[in-house]
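Reading the structure
Here is how the chains run, residue by residue.
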Amino acid sequence: MLCFHVCAGEIFELKAELNSDKKEKKKEAVKKVIASMTVGKDVSALFPDVVNCMQTDNLELKKLVYLYLMNYAKSQPDMAIMAVNTFVKDCEDPNPLIRALAVRTMGCIRVDKITEYLCEPLRKCLKDEDPYVRKTAAVCVAKLHDINAQLVEDQGFLDTLKDLISDSNPMVVANAVAALSEIAESHPNSNLLDLNPQSINKLLTALNECTEWGQIFILDCLANYAPRDDRESQSICERVTPRLSHANSAVVLSAVKVLMKFMEMLPKDLDYYGTLLKKLAPPLVTLLSAEPELQYVALRNINLIVQKRPEILKHEMKVFFVKYNDPIYVKLEKLDIMIRLASQANIAQVLAELKEYATEVDVDFVRKAVRAIGRCAIKVEQSAERCVSTLLDLIQTKVNYVVQEAIVVIKDIFRKYPNKYESVIATLCENLDSLDEPEARAAMIWIVGEYAERIDNADELLESFLEGFHDESTQVQLQLLTAIVKLFLKKPTETQELVQQVLSLATQDSDNPDLRDRGYIYWRLLSTDPVAAKEVVLAEKPLISEETDLIEPTLLEELICHIGTLASVYHKPPSAFVEGSRGVMHKRLPARTGSPDVGTIAGGSGTETAPSIIPSQGDLLGDLLNLDLAPPTTTGPPPPTSGMQMGGMDLLGGGLDSLVGSPMPPRHASGLVPWHSSVDDLCPQVWLPAMKAKGLEISGTFARRAGVIQMELTLTNKAMSVMTDFAIQFNRNSFGLAPAGPLQVLSPLSPNQTIEVSLPLSTVGPVMKMEPLNNLQVAVKNNIDVFYFSCQYPISMLFVEDGKMERQVFLATWKDIPNENESQFQIKDCHLNSDAASNKLQASNIFTIAKRTVEGQDMLYMSIKLSNGIWVLAELRVQTGNPNYTVSTEDGWGTTGGAVDSPSCVYVVCGSCYEV
């Protein structure tokens, strides 16, 4: 603050008047002091004399003295303590106005030495019988919390403040909510506003009776509440809707914010949902009849609302038509909203308006209007031809800046609708000489290069741009380089000199690194592999999107939660422009009722229930922050899996052939990979290509050694940077596979280096049904990023070594199974006898329990035990001289040490394994 010193004579005169016995003279003297203070004069020397004037019954004089105190207390803290006794005394004054004035001033004096003296008076005022004093005291708590938060908490003021939400006076409720909201913003994790249906009901009751600013505080507080269900959400919306007709625009916007947020929870097929949409339109339209500044704020908020719910204002296009006397900032915002609301139903009306705007005198507005025509063509396909015709009409006006903008948007139309409107190129080429803006020149060059085969003199046109190559902007130079290379690839014999000239200019005569790099890339492509160059440079381009300027959905949700604040005007989150941590809480819209949510596996009493929804590839692993924190530890046997339903899998289907040495048959319909007898039989497969993992290629296979499942990984670095900090994690899967330890990559992985890693796996991880059952979803993390892939493990990896069932138990179990539970299928072209097949199968823990020969046919009875305790019983029939085997599978019963357990039966039928 700029200060001017007051002369000694003036100070002396004021001091004498302040100590006068006459009340009127004293009051006039204080007024003179305040007047001097207001214009920046330093009157701090009069501090003790002004403080002495506090002892008065005159309310006007007391206000003036308190004003002086607030201004100079910080610079005179020792002197300010003199006023403490007066504050305490004023807080007990019979006049509620004086009590409130005292407590308000206390909150404004930001001096640590004084605050502790103010606690007792503040406590009394918070429980004062007069609501005016209580509402003032509520705000004082927030100010005191800003000075000394710990003191406020220790004194229990926050609890008292929470109690005031239940106050009988609506203004006290509003101020208590405002104070708690401000404190909560500075302490986001404090959970001060712990709202529940009862407190929400009290706030809604107070909403109808408090002042407009009180209503804003309460509505903002309501916006932070998460309703329990759509019924409660509808109830709140019904009670907030009357605020839409309020005269204060801030109240209207706060009400809109609450309704927009709670609408997320209402089912769209609900009648009330449609009614609410209709009720939201009129108040927003009414806001546009205010003065220009308010119109602009309203338009910025409407822009967000239209992006989230365009159906609210889809019938209100006319209110966004520009008026002749609108300021430019209002015109541009209206134009933006018009495009967002444009549809097939109203496009004719919109185009007529835009064509009119393109003849205005304001250059910025005209440019925006021309671009808007192009955006209409891209957004509403049915209107594209009419839009192109309108743009050609505008080009005929020969107004320089109109022509240039039209060419820029026609380029975008060509990108959206290739090979459709190229007939206008001739008209565009006629205006080549008038282009002087870089963006327009670059657009025209792109058009010539892209459609060079349709333009007879394309080489001459591009050569004319090349003459002043070094004077062009970087944007034009880059576009010209690409366009000439395209021309060369389309007409190589005629343009060889031209392409050599531009490559020389770009690589040897230019200081711009971007231009040089692109030039060298083109040069090497053309010199080493012209066919590849053609595939790269002339590749089919993706169509441009309809709305390139839409706000990103996550940010839009946050901005909807900040409607009516600066964030909604800037279209930036508060964290982008609020310094420090205060007020930077990220907000999100609530999830719609009934939306799917991936649950967790419920644990308890040794059973696990698989969730009904399998996570998608996007959320494979949930929390990736805990990658490889520690190897899993177990203190007992694996948990039983009797609650897990296992679908479509053929434990034996197709796998036997590879075990016994025949060529591998096609994959079974279940999608399962066949099992193999040793790791040598499994060829590594590329699980994660380098192009999908920023240069990291992962290939691998699975093996079982000494009873431990191993995941054999080969990591190759095909990037240009070193890779470190590797970690791995699996998603929940059908058999509980999980890493038994961290991924041991002991040294950094240099570019072009390959390393092999063996990762031991356990089967005690969380269980969840996968499709197919042997599918494994994996995340690998390194210093660059986290990468996801899925692979399928051979089911034989799960066959345990103690899977040989006791002969008597096997026979008893086999006999008990009904004949209708038996299933058969064929394995073809297997040229081994029964003994050789049995030996091969035993290497993969498929044990022969008994063998008998019937009518020249060997019958092998086999048992398999999976890592989760499930038994599989099978019969293999081998006919001498016949290369085709028959496999029969039937129910098995879980056993322990040869004794039959409680029912945990499994049957395998034609590729489906079920646990019953």
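All residue numbers here refer to positions counted from 1 along the written sequence of the relevant chain. Confidence filtering applies because this is a predicted model: local features only for residues at pLDDT of at least 70, side-chain atom pairs given and counted only at 80 or more, and all residues used for totals across whole chains, interfaces and linings. To get the side-chain values, take all heavy atoms of the structure and skip hydrogens and water.

So, about the overall build of the chain. The helix count covers DSSP runs of H or I at least four residues long, the strand count covers runs of E at least two residues long, and both are numbered beginning at the N terminus. A count of helical and extended segments in the chain gives 36 helices and 19 strands. Burial here depends on accessible area, computed with a 1.4 Å probe over protein chains only, as a share of the maximum for the residue type. Under 20% is buried, over 50% is exposed, and the range in between is partly exposed. Counting every position in the chain, which comprises 916 residues, the buried fraction comes to 51%. Partitioning the intrachain contacts of the chain with sequence separation of at least 6 by distance along the chain shows that 66% fall at a separation of at least 24. For the chain, the accessible area works out to roughly 42,900 Å², and carbon and sulfur atoms hold 50% of it. Contacts were defined at the residue level, with two residues in contact if any of their heavy atoms lie within 4.5 Å. The accessible surface values rely on the Shrake-Rupley method and a 1.4 Å probe; as for residues, cover is taken only from the protein chains in view.

Attention now goes to the pairing of strand β10 (residues 786-792). The alternating pattern of β10 places Phe 787, Phe 789 and Cys 791 on a buried face, while none of Val 786, Tyr 788, Ser 790 and Gln 792, on the opposite face, is buried. Note: two strands are recorded as paired if DSSP finds a minimum of 2 bridges between them. Bridge count between strand β9 (residues 775-781) and β10: seven bridges; the pairing is antiparallel. Of the residues in β10, the one forming a bridge with Val 780 is Phe 787.

A few words on the nonpolar core. Membership of the largest hydrophobic core comes to 209 residues, with the highest contact counts inside it found for Tyr 68, Phe 87, Leu 203, Leu 354 and Phe 414. For Tyr 68, the residues in contact, after removing those within four places along its chain, are Val 33, Ile 34, Met 37, Val 43, Ser 44, Leu 46, Phe 47 and Val 50. Within this scheme, the nonpolar core is defined by two criteria: the residues are buried Ala, Val, Leu, Ile, Met, Phe, Trp, Tyr or Cys, and they are joined through side-chain atoms within 4.5 Å. Core analysis: the second largest hydrophobic core is formed by 51 residues, Ile 698, Phe 702, Leu 841 and Val 878 among them.

What follows concerns the pattern of salt bridges. Within this document, salt bridges are pairs made up of a side-chain nitrogen of Lys or Arg and a carboxyl oxygen of Asp or Glu, the two lying within 4 Å of each other. In total, this model carries 31 salt bridges according to the counting rule given. With its nearest N and O atoms 2.9 Å apart, the salt bridge here joins Arg 367 to Glu 405. Remark: Glu 405 occurs in helix α24 (residues 400-416) and Arg 367 occurs in helix α22 (residues 363-379); sequence separation between them is 38 residues. Residue Glu 405 is classed as buried on the basis of its relative accessible area of 5%. Glu 437 is paired through a salt bridge with Arg 367; the nearest N and O atoms lie 2.5 Å apart. With Glu 437 in the loop between α25 (425-430) and α26 (438-450) and Arg 367 in helix α22, the pair connects residues that are 70 residues apart, well separated along the chain. Salt bridges here are not isolated pairs; linked through shared partners, they connect Arg 367, Arg 371, Glu 405, Glu 437 and Glu 439.

Across the sheet, three strands lie side by side as β6-β9-β10; this open sheet has antiparallel pairing. On the outer flanks of this sheet lie β6 (727-730) and β10, each paired with one strand and no other. Each strand of the sheet is rotated relative to its neighbour by a mean of 25 degrees, with strand direction disregarded. Where β6 lies against β9, four bridges are found, and the strand directions are antiparallel. Paired with Phe 730 across the two strands is Val 778, which belongs to β9. Orientation is described by lines fitted to C-alpha atoms, with helices fitted over the stretch in contact, and by angles between N-to-C directions that extend from 0 to 180 degrees.

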